[in-house]
Amino acid sequence: MGTFLFFILKSSVCLFLFTILYITLLKNITHFRFSRWAFWVGTLFCWLIPLIPVSVSILSPIQQSVMMVGEIFEEIPSDGKVATGFLTENGWDARAEHLPFQQGKSEGIYGLSLLTVISLFYTMGAVGVFLFFVYSFGRLWHLIHGKPVQREGSFRLVILPGKVCSFSWWKYIVMSEEDYRQDGSLILIHEKKHLSYYHTLDLGWMHCLLIFHWFNPMTWVLWQELRDLHEYEADEGVISSGVNMVQYQLLLVKKAVGTRLYSMANGFDHSKLKNRIGMMLKKRSNGWVRLRMLLAVPVAAGVVYAFAQPEMSEKQVLLQMELMTQDALLQDSIAESKLTEEIASMKQFFKEKSDAWWKHHRTPEGRYVWRTTQTHRLYMNGSNEVMFDTVVYKILTDPRQVIAGRLRSAREADRLEKKKDEPRFLYMVYDVNSDKRQVLGMLKEIKLAFDDLRAEYVAKGASDVDEVCPYMVYVYGPRKYGVNGAELLIGAAGAEPQERIHDITGNRLKSYQGRYGKNASVLLRVDNSVSERGYIEMCKRVKRYFPAAKTEHEK
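Let us look at the structure shown here. (Residues numbered from 1 in each chain as written. Predicted model: local features only at pLDDT ≥ 70, side-chain atom pairs only at ≥ 80, totals over all residues. Heavy atoms only, no water.)

1. Description of the packing of aromatic side chains
Geometrically, a pair of aromatic rings is defined through the distance of the ring centres and the angle of the planes. Considering all chains together, one arrives at 28 aromatic pairs under this definition. For the ring pair Phe6 and Phe73, a centre distance of 6.0 Å and an interplane angle of 20° mean the geometry is stacked. In this pair, Phe6 is assigned in helix α1 (residues 2–26) and Phe73 in the loop between α3 (61–72) and β2 (86–88), connecting sequence segments 67 residues apart. By relative accessible area, which is 10% here, Phe73 ends up buried. Every member of this aromatic cluster is reached through a ring pair, and the members are Phe4, Phe7, Trp47, Phe121, Tyr122, Phe212, Trp214 and Phe215. Above the plane of the ring of Phe307 lies Lys10, whose end atom (NZ or CZ) is 5.3 Å from the centre. Of note, Arg377 hangs over the ring of Tyr427, and the distance from its end group to the ring centre comes to 5.6 Å. (Phe/Tyr/Trp six-rings, centres within 6.5 Å; stacked < 30°, edge-to-face > 60°. Helix = DSSP H or I, 4+ residues; strand = E, 2+ residues; numbered from the N terminus. Buried < 20%, exposed > 50% of the residue type's maximum accessible area, 1.4 Å probe, protein only. Lys NZ or Arg CZ within 6 Å of the ring centre and 35° of its normal.)

Listed below in structure tokens is the structure:
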């Protein structure tokens, strides 16, 4: 949004200068068709000039000022810091002391950054102007639609009862019954000139300019100048068609009082009466006055020069690319670190909740004995595919509902079959290559699933929800070596171990002992997601069958 706003600002500067030139050079000449062409060419160039790429080796003070203004509109990174200054052979030449935003922090309003406030203000203005034009168009269409239409050549005449100011739009000419009766022929000639000169197209383009440049007062001045120009051109066309000038001027005086209701249309009495009559009486301008617009060329060149960017050598380009790459890596690192912290926070939450429950549910021997049917397992692999209990999901679209539904149905089955309603245990294991955003999302969904179940127990009248439906969630990962976080490499004695085993059970180890013997070459590797206690248990199990096995525990 900041880049777009800066473009609009530069385009608005061009439009401001163009309007001044237009009023100064073309306002009082009688070459109306040329003035319209100048309007189109000039306004189009106001959009194009900010896009013209120009580079200079040394920045002038005005170019430095333009760049500093541009930095205000740069997107602010999430940490609130921006790099300010100009690129040199040795890096960035900081010029932050010239900016009102010291330290790269933008002052905000109600916690919003300055860029956000400006964006909201601009958007509200643009939307407001757009809605005004929509309202104007709606009133115009409501006035025309469904009314009897008379054909007037290629145009359509709509005659309405009551007091209506005559106007034209697109292919329609609207006139009151009174105007049609008294001065219909003259008004028709005038409005037909508007339509035959395609003034509606000019107004449509002008409305686009007003929507995007609503904050520029000179845009509204240009709008009025364009409407006046349309009336001058239509008046000239009426007189050229053979209408008596005095008779026509008397009609203008008669219709001078009117209300402008439709911004989209050309009205018979829209322009200032004195100016219109003065322009009709004015001697036709010399053709050479058109050359005045050549003065716009050096002005345009000056604006292009003012918007120029610093020229960069190959070394500077490489340096800028390196800085951009470093910044992107830094932002990725910050985001990665934040995700890791949030995952660790969720793990700690579940650990504290389960530890609190375990304190009160130990057997005299120091252990709580649970049934295997109380346990549910959720695995997330490196491709972010999920296996929940025995069901594999390529994409688990609604984990909260699936997990809550499975735990709920399991407890209901226990109540019906075993007359027991005991807590459910959920083990979640994720791979080292799992997307951390997916992992964090899954942890949050698991918590929400337990929250739903706990809310149901509270609704049933449970006095201690932590007792009947605790957060019994155990999270293991990121695991590098499979589900259990361990792998066994095994081979013949004296050889390099090659065969990989992840299911390190007693029966599996016994089977490999029979194949390779007790002196087989064995390496047990355990990743850092496995606790020290778990690592010791695995070592004991492996050494029971392979006493000479080597072990590694990543820290």
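2. Points about the environment of Gly491
Here Gly491 shows up in strand β15 (residues 486–491). Those residues in contact with Gly491, other than ones at most four positions away along the chain, are Pro497, Tyr516, Ala520 and Ser521. (Contact = heavy atoms within 4.5 Å.)

3. Topic: the pairing of strand β13 (residues 425–431)
Among the 7 residues of β13, 7 are classified as buried, and the element is accordingly described as predominantly covered. Burial along β13 is two-sided: Phe425, Tyr427, Val429 and Asp431 and Leu426, Met428 and Tyr430, pointing in opposite directions, are all buried. Sheet topology note: the strand β10 (residues 375–380)/β13 ladder contains 6 bridges and is parallel. Within β13, the position partnered with Tyr379 by the bridge is Val429. Sheet topology places β13 next to strand β14 (residues 473–479); 5 bridges connect them, and they run parallel. The partner of Asp431 across the bridge, within β14, is Arg479. (Pairing = 2+ DSSP bridges.)

4. Let's talk about the sheet that holds β10
Sheet strands pair by backbone hydrogen bonding; their relative direction is either parallel or antiparallel. Overall, mixed pairing links the 5 strands, which are arranged β12-β11-β10-β13-β14 in an open sheet. Because the sheet does not close on itself, it has two edges, and the strands there are β12 (391–393) and β14. Taking each pair of neighbouring strands and ignoring which way they run, the sheet shows an average axis angle of 15°. The pairing of β10 with strand β11 (residues 386–388) spans 3 bridges and is antiparallel. (Axes fitted to C-alpha atoms, helices over the stretch in contact; angles between N-to-C directions.)

5. A look at empty space enclosed by the protein
With a probe scaled to a water molecule rolled over the atoms, the places where space remains empty come into view. Taken as a whole, this structure holds 3 cavities of 30 Å³ or more when the rule is applied. When its volume is computed, the second largest cavity comes out at roughly 80 Å³. Every element with two or more residues in the lining of the second largest cavity is listed here: α1, α2 (32–48) and α7 (217–240). The biggest single contributor to the lining of the second largest cavity is α7, with 4 residues. The residue inventory of the lining of the second largest cavity, partitioned by class, reads 6 nonpolar, 1 polar and 3 charged. (1 Å grid on protein atoms, 1.4 Å probe; cavity = no way out; pocket = protein on both sides within 12 Å on 5 of 7 lines; lining within 4 Å. Points joined across faces, edges and corners; volume = space filled by probe spheres on them. Nonpolar A, V, L, I, M, F, W, Y, C, P; charged D, E, K, R; others polar.)

6. A few points about the side chain of Thr43
Within the fold, Thr43 resides in helix α2. A residue is classified by how much of its surface remains accessible, and Thr43, at 0% relative accessible area, is buried. At a separation of 2.7 Å, a polar atom in the side chain of Thr43 contacts the main-chain carbonyl oxygen of Phe39. Those residues in contact with Thr43, other than ones at most four positions away along the chain, are Leu15, Phe18, Trp205, Leu209 and Leu222. (Polar contact = N/O pair within 3.5 Å; in protein donor to acceptor, adjacent residues only side chain to side chain.)

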